[in-house]
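Spelled out, the chains give:
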Amino acid sequence: MSMDRRQFLKIAGASTILGIGATAIKGFRQDNVEASEVIPGPDALKAKRWGFVIDMSKFQTDADFARVIHACHSIHNVPDFGNPKDEIKWIWKDDYEHTFPGQEAEYMEAGLKEKPFIVLCNHCDKPPCVRVCPTKATFKRSDGIVMMDMHRCIGCRFCMAACPYGSRSFNFRDPRPFIKEPNPEFPTRTKGVVEKCTFCYERLAKGLKPACVEQSGGGIVFGDLEDPNSEVRQLISKNFTIRRKPELGTQPSIYYVIGGNQNA
Ligand code: SF4
Ligand code: SF4
């Protein structure tokens, strides 16, 4: 989705105004708020602000992308409806133009614009999706993870309008029959709710790396952006990195190494 700052502020502002009225909505289910209730175990991984550094040089083949996408979608019960109209995606690939609009330079590396990039929710430090959600179904944790509580979601889709990255998907149909091999350890969703990447909060709570990180062959590194000694901070300080749509002020927590450091 391509959107300039003016369009973005317009949508986010309008959604907020509409959202004020919707705060009066009562009756959304509160009986099962599993997303916010995962109790971290003794080995839980912790950070002040989680983030990723994605090194695109490690994504060379279709298989490199497919492995990471499959790892995420299979453990999180992401359905496959088999058509782009109903598509649900937590992590996917997109081209340079849609990933980094406005960041093209006349003399940039030949072929870069044709390359696919791996994209997901940016777990923005200033997430507009959170600001507009009338039921607090989406919220930011103290460690920076932007969560989804599917049981609070009333399907208004304000968050989808406010997210300038297309990181959220809506279940127009019952997703359950379209999950190839359901993972009984992760909740499934219902028709009428929004979903997206939740930074594998359930794995972090058990001391495990996010699934995409584990399958990326070093292409996705995760860690604490607030810790100057963390691997992510070291990578950011040693490489030229870019983030998606920085002009919007959302402060994404996902940094990309897109090349150009080979001769450094
Ligand atoms: S990428 Fe979109 S969904 Fe994710 S935190 Fe930012 S605004 Fe929200
Ligand atoms: S962090 Fe977890 S939920 Fe997010 S894209 Fe990676 S595997 Fe999927």
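Basis of the calculations
Position labels on residues start from 1 in each chain and follow its written sequence. Going through the entries in the order they are written, you letter the chains from A and number the ligands from 1. In keeping with the model being predicted, local features are shown solely for residues with a pLDDT of at least 70 and side-chain atom pairs are shown and tallied solely at 80 or more, while totals for entire chains, interfaces and linings include all residues. Side-chain calculation: all heavy atoms of the structure are included, whereas hydrogens and water are not. Only a single heavy atom is needed: when it lies within 4 Å of a molecule or strand, its residue is near that molecule or strand. Throughout this entry, Asp, Glu, Lys and Arg are counted as charged residues, while Ala, Val, Leu, Ile, Met, Phe, Trp, Tyr, Cys and Pro are counted as nonpolar. The remaining residues, Gly among them, count as polar. Each aromatic pair joins two rings of Phe, Tyr and Trp (for Trp, the six-membered one) with centres within 6.5 Å, and gets the label stacked for planes under 30 degrees apart, edge-to-face for over 60, and tilted for any other angle. Secondary structure elements follow DSSP: runs of H or I of four or more residues count as helices, runs of E of two or more count as strands, with numbering from the N terminus. Each residue is placed in one exposure class: buried if its accessible area under a 1.4 Å probe, protein chains only, is under 20% of its type's maximum, exposed if it is over 50%, and partly exposed if it falls in between. Two conditions define a charge located above a ring, namely a distance within 6 Å from the ring centre to NZ of Lys or CZ of Arg, and an angle within 35 degrees of the ring normal. A helix is expected to reach a length of 1.5 Å times the quantity of its residues less one. Here a residue-residue contact requires only that any non-hydrogen atoms of the pair lie within 4.5 Å.

**Some thoughts on the site of ligand 1**
Item 1. By nearness alone, 14 residues border ligand 1, and C121, C124, C129, C163 and R168 come closest of all.
Item 2. Of the residues that constitute the shell around ligand 1, the class distribution is nine nonpolar, three polar and two charged.

**Some remarks on the packing of aromatic side chains**
Item 1. A full pass over the atoms with the stated rule returns twelve aromatic pairs.
Item 2. Between Y96 and F117, the aromatic rings sit 5.6 Å apart at their centres with planes inclined by 65°, giving edge-to-face as the arrangement. Of the two residues, Y96 sits in helix α4 (residues 96-99) while F117 sits in strand β3 (residues 116-120), which places them 21 residues apart along the sequence. As far as burial versus exposure is concerned, Y96 and F117 are alike and both buried.
Item 3. What links up through ring pairs into an aromatic cluster is the set W50, F52, F199 and F222.
Item 4. Positioned over the ring face of F65 is K93, at 5.1 Å from the centre of the ring.

**Brief notes about helix α3 (residues 62-75)**
For an α-helix the count is 3.6 residues per turn, leaving residues at separations of three or four pointing the same way.
Item 1. Its 14 residues place the ends of α3 20 Å apart at the C-alpha level, agreeing with the 20 Å of an ideal helix rising 1.5 Å per residue.
Item 2. When we look at burial in α3, the residues that qualify are D64, F65, V68, I69, A71, C72 and H73.
Item 3. Of the surrounding secondary structure, the elements contacted by the buried residues of α3 are β2 (91-95), β3, α8 (211-214) and β8 (220-224).
Item 4. Of the residues trailing α3, N77 is marked for its positive phi of about 55°.

**Some thoughts on the site of ligand 2**
Item 1. Around ligand 2, 13 residues are found, and the nearest of them are C72, C197, F199, C200 and C212.
Item 2. Residue composition of the shell around ligand 2, grouped by class: eleven nonpolar, two polar and no charged.

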